[in-house]
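Each chain is listed here by its residues.
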Amino acid sequence: MTTRCLAWDRWTFDFDQRPHIMAVLNITPDSFSDGGEHFDENEAVAHGFSLALAGADVLDIGGESTRPGAQEVNEAEEIRRVAPVIRALADRVRIPISIDTYKASVAKAAIDAGARIINDISAGRFDPDILGVAAEADVPLILMHMKGQPRTMQQNPEYADVVAEVRDFLAEAAARAEAAGVRPEKIVLDPGIGFGKTFDHNLILINRLRALTALGYPILVGASRKAFLGHILGGTPPKGRETASAAAAALAAYNGADILRVHDVRRTWEALAVAHAVKREHA
Ligand code: PMM
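Residues numbered from 1 in each chain as written. Predicted model: local features only at pLDDT ≥ 70, side-chain atom pairs only at ≥ 80, totals over all residues. Heavy atoms only, no water.

A. Here's a closer look at a nonpolar patch on the surface. A cluster of nonpolar side chains, namely Leu203, Ile232 and Leu233, defines an oily patch on the protein surface of about 250 Å² accessible area. When you line up the elements, Leu233 lands in the loop between α8 (227-232) and α9 (242-254). Judged by its relative accessible area of 40%, Leu233 falls in the partly exposed class. (Patch = residues over 30% accessible without salt bridge, like charges linked within 9 Å, V, L, I, M, F, W, Y side chains within 5 Å. Areas by Shrake-Rupley, 256 points an atom, 1.4 Å probe, with all protein chains shown as cover. Salt bridge = Lys/Arg side-chain N within 4 Å of Asp/Glu carboxyl O. Helix = DSSP H or I, 4+ residues; strand = E, 2+ residues; numbered from the N terminus. Buried < 20%, exposed > 50% of the residue type's maximum accessible area, 1.4 Å probe, protein only.)

B. View of the sheet that holds strand β8 (residues 187-190). What the eight strands build is an open sheet, ordered β8-β7-β6-β5-β4-β3-β10-β9; its pairing is parallel. Both outer strands of the open sheet, β8 and β9 (220-221), are each paired with one neighbouring strand and no more. Examined bridge by bridge, strand β6 (residues 117-120) and strand β7 (residues 141-144) share three bridges and lie parallel to one another. The partner of Ile118 across the bridge, within β7, is Leu141. (Pairing = 2+ DSSP bridges.)

C. The pattern of salt bridges, seen in detail. Inspection of every chain in the model, using the stated rule, returns 18 salt bridges. In this structure, Arg80 and Glu77 form a salt bridge, with 2.9 Å as the shortest nitrogen-oxygen distance. Here Glu77 and Arg80 lie together in helix α2 (residues 75-90), a separation of three residues that amounts to about one turn. With a closest N to O distance of 3.1 Å, Asp112 and Lys108 form a salt bridge.

D. Structural detail: the environment of Val106. Assignment of secondary structure puts Val106 in helix α3 (residues 104-113). Among the residues examined, Val106 registers a relative accessible area of 0% and is labelled buried. On a C-alpha basis, the gap between Val106 and Arg80 in space is 9.5 Å, while along the polypeptide they are 26 residues apart. Beyond its immediate chain neighbours, meaning those up to four positions away, Val106 contacts Glu75, Glu78, Ile79, Val82, Ile99 and Thr101. (Contact = heavy atoms within 4.5 Å.)

Shown next, in the form of structure tokens:
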């Protein structure tokens, strides 16, 4: 099966035409890259508008930070953070809104508020009911690889063959989602950059992305502002990693990523335009 396209509701993402941009909107006090900045509801909504205006194809709204060691948030609090922002943006931006959660109840509340994509960093492992929520709503479902749990995932992760392990994990996650009623053409896979991976694992996965595109589903990559970029730059903090993030997005897109999850939409857009132009010439 090869799906080079996501089409649902009033949207068509044709990945043969160009890579697409998912813009990050975290409504958390403690995300590693933008924690606290958009914690206020009005500010979050304003930032959502500006990301859409900058050219984002999707807004990914999250109410719980998943950085190593972050505080867990209960469902009611997570819904309280994200639902009003989704409701305020859903009818007023033309692009779809994604809910970044691994909890079925939060995904359901977000769908009720107007979200039309579910982004699950646990690939349905933490709360399998989320697969039924995606099937029922018939929305795209992003399944991400993570080794272990967010709290402990960076404690010396080991793989015999990181590419094969991530590929097999994602193939199994897709099969489980399909068994729960999610249509294959709604599934997107993500290697989970920074989630239970060493510096080298992240680089290998970006380099060898073709092993994942071979599974036949669209591929999403989220490298923006992540620690491995800070490491390459010699310790630059998250906000100083924007040019490096754009370079990582361009390389991932060149190697087959269809959706790039990023903070800086404009800069990514330019980097992706170059990647796509070179790739087309090469094809
Ligand atoms: N990274 C973060 C959060 N959610 N979702 C997907 N699908 N892929 C990712 O790589 C990913 C994610 C952590 O980054 P943030 O704190 O900047 O949101």
